[in-house]
Amino acid sequence: MNMNEYVSKERRRLEKELLMYLRKYRFYSARFKRISDLNIIIDEIVNELKKDV
């Protein structure tokens, strides 16, 4: 396999992964009308996790 084939395979893999994340982001951002709500929830979860350490 030459370098171009490897790069294009890797690129396709990354594009698929990125699309998956974007779809999830779109799904969750639609559920939380204000992104700040989501950020507050994430901060709370992070702080809870820090307490457990």
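Analysis parameters
- Once a new chain begins, its residue numbering starts again from 1 and follows that chain's sequence as written.
- Where totals are concerned, whole chains, interfaces and linings use all residues; where local detail is concerned, this predicted model gives features only for residues with pLDDT of at least 70, and gives and counts side-chain atom pairs only at 80 or more.
- Hydrogens and waters are ignored; side-chain quantities use all the structure's heavy atoms.
- The secondary structure listing takes helices from DSSP runs of H or I that are at least 4 residues long and strands from runs of E that are at least 2 residues long, numbered from the N terminus.
- Areas reported here follow the Shrake-Rupley algorithm with a probe of radius 1.4 Å; residue values treat only the protein chains shown as occluding.
- Nonpolar side chains (Val, Leu, Ile, Met, Phe, Trp, Tyr) within 5 Å and like charges within 9 Å form the patches, drawn only from residues with over 30% relative accessible area and no salt bridge.
- In what follows, salt bridge is the name for a side-chain nitrogen of Lys or Arg lying within 4 Å of a carboxyl oxygen of Asp or Glu.
- Only protein chains enter the calculation, and the probe is 1.4 Å; a residue is then buried if its accessible area is under 20% of its type maximum, exposed if over 50%, and partly exposed in between.

Side note on the overall build of the protein
Here is step 1 of the chain: Each helix and strand in the protein was counted, giving two helices and zero strands.
Here is step 2 of the chain: When the accessible surface of the protein is totalled, it reaches about 5400 Å², and 59% of it is carbon and sulfur.

Notes on a nonpolar patch on the surface
Here is step 1 of the chain: Among the surface-exposed residues, Met3, Tyr6 and Val7 lie close enough to one another that they form a single nonpolar patch of about 320 Å² accessible area.
Here is step 2 of the chain: You can see Val7 is positioned in helix α1 (residues 3–31).
Here is step 3 of the chain: Its relative accessible area of 43% is what places Val7 among the partly exposed residues.

Brief notes about the pattern of salt bridges
Here is step 1 of the chain: For the coordinates displayed, the defined rule picks out four salt bridges.
Here is step 2 of the chain: With a closest N to O distance of 3.3 Å, Lys51 and Glu48 form a salt bridge. In this pair, Lys51 and Glu48 both sit in helix α2 (residues 35–52), three residues apart, roughly one turn of the helix.
Here is step 3 of the chain: Overall, Glu48 belongs to the partly exposed group, its relative accessible area being 45%.
Here is step 4 of the chain: Here the salt bridges do not stand alone but share partners, grouping Glu10, Arg13 and Glu17 into one network.

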